[in-house]
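Chains, contacts and geometry: an overview
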Amino acid sequence: MTELAIPELSLVVLIGSTGSGKSTFAHKHFRHTAIVSSDACRGVVSDDENDQSATPDAFALLHHIAGIRLRRGLRTVIDATNVQPKARQELIAVARAHDVLPVAIVLDVADAVCFERNALRPDRSHLARHVVTRQQRELRRGLRGLEREGFRKVYILRGVEEIESATIVDEKAWNDRRDLTGPFDVIGDVHGCRAELETLLGELGYQLARDDAGRAVGASHPAGRTAVFVGDLVDRGPDTPGVLRLVMGMVCAGTALCVTGNHENKLVRALDGKQVRIAHGLAESLAQLAAEDEDFRKAALDFCRGLISHYVLDGGRLVVAHAGLKEEYHGRASGRVRSFAMYGESTGETDEYGLPVRYPWAEDYRGRATVLYGHTPVTDLRWVNNTLCLDTGVVFGGKLSALRYPERVPVSVPAERVWYEPVRSLEATTIATPAGVVHRDPGVLDLDDVMGRRVVETRQHGRVGVQEENAGAALEVMSRFAIDPRWLVYLPPTMAPCATTQLDGYLEHPAEAFDYYRSENVRRVVCEEKHMGSRAIVLVTRSARTAADRFGVDDGSTGALYTRTGRPFFDDRAQTEELLARVRTAAESAGLFTELNTDWLLLDTELMPWSAKAVGLLRNQYAAVGAAARAALDTATELLAAVTARGLDVTELADRTGARKTDAAAFTAAYGRYCWPVDGLAGIRIAPFQILAGSGINYAVRDHDWHLSHIDRLVAADAELFTPTGRMVVDLTDPDSQAAATSWWTELTTAGGEGMVVKPYDAMVRGDGDRLVQPGVKCRGPEYLRIIYGPEYLRDDNLRRLRTRGLGRKRSMALREYALGLEALDRFVAGEPLWRVHEAVFAVLALESEPVDPRL
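Residues numbered from 1 in each chain as written. Predicted model: local features only at pLDDT ≥ 70, side-chain atom pairs only at ≥ 80, totals over all residues. Heavy atoms only, no water.

Let us now look at empty space enclosed by the protein. Using the criterion set out here, one finds 3 cavities of 30 Å³ or more in the structure. Considered as a void within the structure, the largest cavity measures approximately 240 Å³ in volume. Around the largest cavity, the lining is made up of 19 residues, and of these Pro493, Arg535, Gln690, Pro775 and Tyr818 lie nearest the centre. Sorting the residues of the lining of the largest cavity by element identifies strand S30 (685-694) and helix H26 (808-829) as the ones contributing at least two each. Of the residues contributing to the lining of the largest cavity, the split by class is 11 nonpolar, 5 polar and 3 charged. (1 Å grid on protein atoms, 1.4 Å probe; cavity = no way out; pocket = protein on both sides within 12 Å on 5 of 7 lines; lining within 4 Å. Points joined across faces, edges and corners; volume = space filled by probe spheres on them. Helix = DSSP H or I, 4+ residues; strand = E, 2+ residues; numbered from the N terminus. Nonpolar A, V, L, I, M, F, W, Y, C, P; charged D, E, K, R; others polar.)

Next up, the structure:
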């Protein structure tokens with residue numbers, strides 16, 4: 001049995017004459033979607049798989065399909081004869097264009113076998129024998145040169161028996177270590193500074209191992225963390241051998257990984273006897289290694305030669321490369337990828353120091369993975385678009401730096417001295433934008449980030465798609481009506497109602513909410529009073545200085561108050577600042593800033609009265625309906641009374657009209673409960689129910705008791721502005737507990753309250769299959785639903801129709817928006833660039849354009 005190790009991401013080129021069994025081999029060993037057949041492409045462009053005149057177009061299509069698949073990271077198998085070098089070169093060019101490995105599998109069978117098989121195929125029986133003979137001759141002539149042509153792997157299967165016994169083994173790329181999830185400590189350029197490296201490892205918590213001579217030969221972390229070195233271990237510094245000895249020991253023991261730097265690459269060439277320019281610290285390394293024994297020099301050479309260009313770690317969420325790596329190169333393998341990973345991208349220019357000008361690739365980076373790198377020394381660590389340069393110039397007298405991942409916590413130790421005088425100072429070492437090159441602002445969502453159909457990766461709900469037509473509506477809102485985008489770090493999700501009840505006189509009832517969570521194995525829920533107002537997000541900072549430092553807003557404002565679509569709640573900025581001042585004072589008085597160790601808070605609230613924001617809706621949609629109904633029904637009642645006085649029996653019609661008049665009055669009373677006059681802040685009430693985030697922490701996933709107990713302190717600090725949220729914790733295994741909550745809901749709704757929201761006590765909960773459970777379902781009272789569904793919705797015929805309402809779309813939207821909201825908070829508190837936060841925020845807004853019944 002012959003095993004063929006095939007890279008998971010590669011272009012597999014089958015080579016064999018007509019009748020050699022390529023198609024059979026392909027379908028036996030590869031999924032059918034991975035196979036791109038020249039015959040099939042010929043059929044697509046001509047309706048005849050044997051139409052040789054369509055061959056140029058067929059191969060143009062074949063190359064196009066192969067390119068798309070490779071760009072998307074999918075292994076692709078080419079089923080064509082490919083016996084001519086020109087055909088193979090075109091395919092190798094496709095592989096190189098997408099930075100994947102080309103693999104050749106040759107099926108070399110006897111001519112007689114090909115003749116026999118072609119004779120049995122009706123579409124090939126007419127094929128002249130000389131065609132097969134010519135193809136076989138061309139195939140065998142090129143066998144020895146396949147590797148020189150550019151194939152990285154070549155398998156030649158000779159004879160039918162060897163072909164039939166062959167098996168395919170998937171081979172992971174060397175750089176694919178997605179299975180390693182960390183935690184990691186990613187360490188910047190060391191450049192021979194062994195003492196500083198030992199100090200940094202100590203700061204990170206590693207325990208050094210030493211040999212009999214006292215030299216550090218390894219290190220391990222008691223918590224099982226893994227160190228990842230970004231390369232440039234060698235040159236310039238005082239002890240390149242000491243650094244190599246330590247890092248080689250760690251890599252050998254499995255406590256570290258290391259990628260190659262450009263200095264390792266040059267050192268290998270020098271040690272191999274290649275002609276290289278002895279500059280930039282190479283002389284120091286060669287002299288230091290010359291003092292070591294031959295065994296160590298050989299081990300060091302083998303180690304440096306074996307270093308790969310980059311690693312993809314933690315399920316694809318982390319990429320480490322010496323000079324950084326563009327997203328399209330992640331996980332790829334080619335000379336171009338290796339060159340970029342070692343040197344970055346040069347503009348072809350040199351600066352006044354004679355050094356190459358590097359293209360600022362990080363400013364354009366929009367990838368999902370965090371990219372950690374070094375190569376170009378900087379004075380301070382600064383995140384740019386989810387990338388971070390960790391070379392802080394230790395050999396030049398700066399610092400040796402590392403980043404704890406996934407915590408994103410930097411750790412640095414100072415250099416013991418200046419070990420090597422830089423050509424240019426660290427302060428002058430920046431990656432400048434080449435003349436004439438325009439870059440996107442790394443802090444702002446760009447048009448290219450939102451146009452077309454988009455997919456947002458979320459930690460809690462996987463991939464969430466945004467349709468192109470919905471993105472357009474969201475783009476208009478964000479670009480024309482939204483608040484300053486630097487404040488817009490979160491949008492709240494919609495909420496699904498509970499299932500429709502069959503109880504007489506009700507459309508929604510707590511029993512259905514309890515049944516839903518019980519079916520999801522949730523044992524305890526919290527029922528929170530639902531306030532009838534407008535959803536309001538309050539972002540309050542401790543001072544204008546905090547607003548400038550953390551949010552980049554330096555116009556004197558101290559926060560924002562905005563609606564669930566990102567619009568300013570008040571048109572008057574002074575009124576917003578007045579309210580924020582009240583919130584800030586209450587938070588200070590309650591000790592929230594100090595206790596939570598934060599200079600800002602993000603609150604999810606309900607702002608009342610409803611009329612404070614929805615006066616237009618009330619006037620045009622609700623008040624107009626109520627006024628028209630009262631006017632028409634008053635007139636009808638008078639007419640029916642007159643008709644009755646004349647002796648006609650219209651009792652049934654009069655009763656029905658009276659009932660409609662009662663419903664109309666109830667409708668007006670229902671929305672009237674939520675409206676009252678305000679003057680400035682006088683009359684404004686805020687009901688906070690969740691503390692979403694503070695400095696470095698997403699609080700939205702904490703249990704609701706934590707939220708409400710902190711919010712109670714806020715309410716107590718300013719009872720005039722804040723309204724408490726009534727609540728009741730319910731044990732879903734206890735019928736009495738459920739009955740008590742149902743009675744409480746009945747009392748709330750009978751007294752004119754909107755209803756309640758039922759939430760899992762533990763906040764974010766997962767059910768079967770690790771899927772998210774609804775973060776809350778609303779259960780609204782009969783009189784409030786009269787506003788939503790109309791004055792007469794409780795009549796039997798109307799209620800019967802409404803009970804067929806579908807909730808699937810609303811529930812799906814609620815979960816997707818909830819996951820996107822959590823993702824936006826996670827990205828913001830982690831310090832990711834604002835465009836990454838806005839990607840999730842924008843998606844929430846876009847989902848609101850989906851065709852879902854707005855009454856749900």
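On we go.
Before going further, it helps to spend a moment on unusual backbone geometry. Backbone geometry follows two general trends: most residues other than glycine have a negative phi, and most peptide bonds adopt the trans configuration. Put simply, Gly182 and Pro183 share a cis peptide bond, and its omega is 5 degrees. Inspection of the secondary structure assignment puts Pro183 in the loop between strand S8 (176-177) and strand S9 (184-187). Residues Met608 and Pro609 are joined by a peptide bond in cis, for which omega reads 5 degrees. Phi at Asp314 takes a positive value of approximately 50 degrees, unusual for a residue other than glycine. Judged by relative accessible area, Asp314 falls into the buried class, the value being 8%. We note that Asn386 has phi near 65 degrees; this positive angle belongs to a residue other than glycine. Looking at the secondary structure, you find Asn386 in the loop between strand S19 (383-384) and strand S20 (387-389). You can call Asn386 buried: its relative accessible area is 0%. (Buried < 20%, exposed > 50% of the residue type's maximum accessible area, 1.4 Å probe, protein only.)

The next subject is the environment of Gly306. Looking at the secondary structure, you find Gly306 in the loop between helix H13 (294-305) and strand S14 (310-313). Note on Gly306: relative accessible area 52%, which makes it exposed. The sequence separation of Gly306 and Thr260 amounts to 46 residues, and the corresponding C-alpha distance is 8.5 Å.

For the structure shown, the criterion picks out 54 salt bridges. The residue Asp108 makes a salt bridge to Arg140 at a minimum N-O spacing of 3.1 Å. Of this pair, Asp108 sits in strand S5 (residues 101-108) while Arg140 sits in helix H6 (residues 129-142); the two residues are 32 residues apart in sequence, bridging distant segments of the chain. The class of Arg140 is partly exposed, set by a relative accessible area of 37%. Notably, a salt bridge pairs Arg518 with Asp515, separated by 2.7 Å at the nearest N-O pair. Here the residue Arg518 and the residue Asp515 both occupy positions in helix H16 (residues 510-519), the gap between them amounting to 3 residues, near one helical turn. A single network of salt bridges, built from pairs that share partners, joins Arg459, Glu823, Arg827, Glu832, Arg836 and Glu839. (Salt bridge = Lys/Arg side-chain N within 4 Å of Asp/Glu carboxyl O.)

A few words now on the nonpolar core. Among the nonpolar cores identified, the biggest contains 45 residues, and Trp487, Val489, Tyr490, Tyr562, Leu602 and Leu820 are the most heavily contacted of them. With 42 residues, the next largest nonpolar core counts Tyr206, Leu233, Ala300 and Phe396 among its residues. (Core = buried A, V, L, I, M, F, W, Y, C linked by side-chain atoms within 4.5 Å.)

The subject of this paragraph is the pairing of strand S10 (residues 207-210). Note: S10 against strand S11 (residues 216-220), 4 bridges, orientation antiparallel. Each bridged residue has a counterpart across the sheet, and for Leu208 the counterpart in S11 is Ala219. Connecting S10 to the next strand, S11, in antiparallel fashion are 5 residues, including Gly214 with a positive phi near 85 degrees. (Pairing = 2+ DSSP bridges.)

In the case of a regular strand, side chains alternate between the two sheet surfaces. With 6 of 6 residues buried, strand S2 (residues 10-15) lies mostly within the body of the structure. Residues Ser10, Val12 and Leu14 of S2 are buried on one face, and the alternating residues Leu11, Val13 and Ile15, pointing to the opposite face, are buried as well. Bridge analysis of S2 against strand S4 (residues 76-79) gives 4 bridges, and the strand direction is parallel. Residue Leu14 lies in a different strand from S4, and its bridge partner there is Asp79.

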